Amino acid sequence: MRWLTMLLMAMLLPFNVLAADYTVGVAAFDHPQQVQQRWQATIDHLNQHSGALQFQLLALPLPELERRLEAGEIDFVIQNSVKSVQYKERFGASQLLTARPLWSASAQQAIGSALVGRRDRPIDDWQQLRSLRAVSVSPQAFGGYIALWPELSQRGAEPMQFFKQLQFVGTPQRQLLKLLLAGDADVAILPSCLLESMQQQGVSGSEQLQVLLDQRPAGFPCGVSSRLYPYFMLSKLGHVPNEDATVVVRALLQLDKQQRASQQGQYSQWTVPVDDRAVYQLLRETQQWPFAPDWRTLFWRLLPWLLLAALILFLGYLHHRRVQAQVAKRTKQLRDEMAEHQQTQARLQEQQQAFYQAQRVLLTGEMAAGMAHELSQPLTSIGYLVQGCRSQLQRGNQQQLDQGLARIASQSDKASQLIHKFRHFAAQRGSHRPLQPQELVLETLELMVADLKRHQCRCQLANQLTEPLTIVGDPLLLQQVLVNLLRNAIDAMAEMAPAQRLISLRLWQQQGRLHLSVADNGHGLTPEALARLFQPFGSSKAQGLGLGMMICKRIIDQHQGQISAIALEQGLRIELNLPLQGTNQ
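Residues numbered from 1 in each chain as written. Predicted model: local features only at pLDDT ≥ 70, side-chain atom pairs only at ≥ 80, totals over all residues. Heavy atoms only, no water.

Draft legend 1. Structural detail: the pattern of salt bridges. For the coordinates displayed, the defined rule picks out 18 salt bridges. A salt bridge links Arg-121 to Asp-186, with the nearest nitrogen and oxygen atoms 3.7 Å apart. In this pair, Arg-121 sits in the loop between β5 (113-118) and β6 (133-136) while Asp-186 sits in the loop between α8 (174-182) and β8 (187-191), placing the two residues 65 residues apart along the sequence. With relative accessibility at 17%, the residue Asp-186 sits in the buried group. Between Glu-151 and Arg-155 there is a salt bridge, and its shortest N-O distance comes to 3.9 Å. What makes Glu-151 buried here is its relative accessible area of 4%. Its relative accessible area of 26% is what places Arg-155 among the partly exposed residues. (Salt bridge = Lys/Arg side-chain N within 4 Å of Asp/Glu carboxyl O. Helix = DSSP H or I, 4+ residues; strand = E, 2+ residues; numbered from the N terminus. Buried < 20%, exposed > 50% of the residue type's maximum accessible area, 1.4 Å probe, protein only.)

Draft legend 2. Seen up close, the state of the cysteines. One pass over the structure, following the stated rule, counts 1 disulfide. Residue Cys-193 pairs covalently with Cys-222 via a disulfide, S to S 2.0 Å. Since a negative S-S torsion denotes a left-handed disulfide, the Cys-193-Cys-222 link at about 105° is right-handed. Of this pair, Cys-193 sits in the loop between β8 and α9 (194-200) while Cys-222 sits in the loop between β9 (209-212) and β10 (233-236); the two residues are 29 residues apart in sequence, bridging distant segments of the chain. Overall, the relative accessible area of 5% leaves Cys-222 in the buried class. Between Cys-457, a cysteine without a disulfide, and Cys-459, which holds the nearest cysteine sulfur, the sulfur-to-sulfur distance is 9.0 Å. Exposure remark for Cys-459: the relative accessible area of 28% places this residue in the partly exposed category. (Disulfide = S-S within 2.5 Å.)

Draft legend 3. Region of the structure containing the packing of aromatic side chains. One pass over the structure, following the stated rule, counts 14 aromatic pairs. Ring plane angle 75° and centroid distance 5.7 Å describe the contact between Phe-162 and Phe-163, whose orientation is recorded as edge-to-face. Like Phe-163, Phe-162 is buried. Relative to Phe-232, the ring of Tyr-231 has its centre 5.1 Å away and its plane inclined at 80°; by these criteria the two rings are edge-to-face. The exposure classification of Tyr-231 matches that of Phe-232, with both residues buried. Through a chain of ring-to-ring contacts, three or more aromatic side chains come together here, namely Trp-39, Trp-103, Tyr-231, Phe-232, Tyr-267 and Trp-270. One residue, Arg-506, lies across the ring of Trp-508, its end atom 3.7 Å from the ring centre. (Phe/Tyr/Trp six-rings, centres within 6.5 Å; stacked < 30°, edge-to-face > 60°. Lys NZ or Arg CZ within 6 Å of the ring centre and 35° of its normal.)

Draft legend 4. Layout of the confidence of the model for the chain. Here the chain averages 82 in pLDDT, and 80% of its residues register 70 or above. Ignoring residues within four places in sequence, the model shows residues 1-19, a span with pLDDT below 50, making 5 contacts including any to other chains. (pLDDT = per-residue confidence, 0-100. Contact = heavy atoms within 4.5 Å.)

Draft legend 5. The arrangement of the pairing of strand β4 (residues 94-101) in detail. When you tally the buried positions in β4, you get 6 out of 8 residues, the bulk of the element. Of the strand pairs in this sheet, β4 and β10 are connected by 4 bridges, and their pairing is antiparallel. Bridge pairing links Leu-97 to Leu-234 in β10. Where β4 lies against strand β11 (residues 267-271), 4 bridges are found, and the strand directions are antiparallel. Bridge assignment links Thr-98 to a residue of β11, and that residue is Thr-271. (Pairing = 2+ DSSP bridges.)

If you want it as structure tokens, here you go:
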């Protein structure tokens, strides 16, 4: 499709363009029409003073120019000194001439970067720039960005890190001055002499601006904030005969600053190639080609190897499909075995649930004493209140009788709630459903209030969740894990003074998972006991079976979680984590 488009364009071009012997390329960082107008007079001069040779000018965006250079469609190229050096290394271009600017007598020191700011906001130190907002045309702009880079690097940072904010806004360059005048930017990075040129042209608002941190050398007419580098260079590509290149050089050396080609091209004359070591040093300091990889060129060089790798992958894919067909055949044979395995797994699941229920019954027995103590208070109160109501009934005191009956109802509700929670914990089975972890922890603590009081243990909950979160699980099984951990913590502190018995719980979120820790300051575990904590029959208690923590681990594993134990200076911390609802496991 691209070749067809190029053919149609060629058919529409004037005859004199098609007849051109050589093509001269120039990058259009700004409007291509303006770049074409700037250099067309120079090309016209070549056509008039090069005998039978004819030249065509192409002002192209930089990517298109480099694409055509790669394809060998460009014969001569006019570029800034940075691109000229890069094209020498990349495309084998040879420098023929260097332009001398109108504003300087030296082609060697002709252009740099100028930091432009408002006159009413003077800057006298480079460090003051760190708090400012900077704008530039493009990271590829030579005078408008690259030339300033070494100045900032010498002061400790690259441009993107040096300024408070650095924004690339594209062309035209005059819009950078508008941003400064409107207060949308504090400093603009521009080519040297551009501000002075706009002031001479009477551009509105330009008189309110100035070049900051001016370090111009003696005799240089414009403000500049960086080192100076050579001006535009003319280079030929390797396929151009030396005889034709000599004709071009002779024609351009005839120009002087009075001629129309020089005035439009903004140079006074062409001169021999200048020393470009400063440009190489600039590219080295800014880590650009040829001192950093050119990924586009590298891609084309690696393309044959990439195609070979693609072929190998394709053959591997064919082999994979063959193996897949064999696997499908074997899979059919395994389906019957899998069905039998699923039935066995279902039976094991039922046995495991019965095992969990048995352990829950054991926990219920351990909690019964605390529950009985907790129920004795409302039942005793009910007894006293009944006697008081009978007395008030005999006296005919209706108001006191109503108050007594209300207290009886309150104490009865309290006892009912305790029994309800106890029965809920001892339930036969639960089901997986969305849960609020905060509510689950609080309900478990309410269930354990009697045991905590009976053993004189304090409990602290540090809820570090910043928003309501949801997990999916069986509330009965997860509550069973928490009761196990709290019971173990109470037992671990049995030999400590009541004032020192403290259980610390912590809830937090990390990397899409809910984390919960239960820590005590009891006697802790030996390294050997810690290593077999989650193994069956590995209890450190005199009367323990060593199954509680093993059951906790199985329950947490079923919920796609992890549980671990960490020895503290005094005590033990159990940490577990569960996936939040909606996260991929």
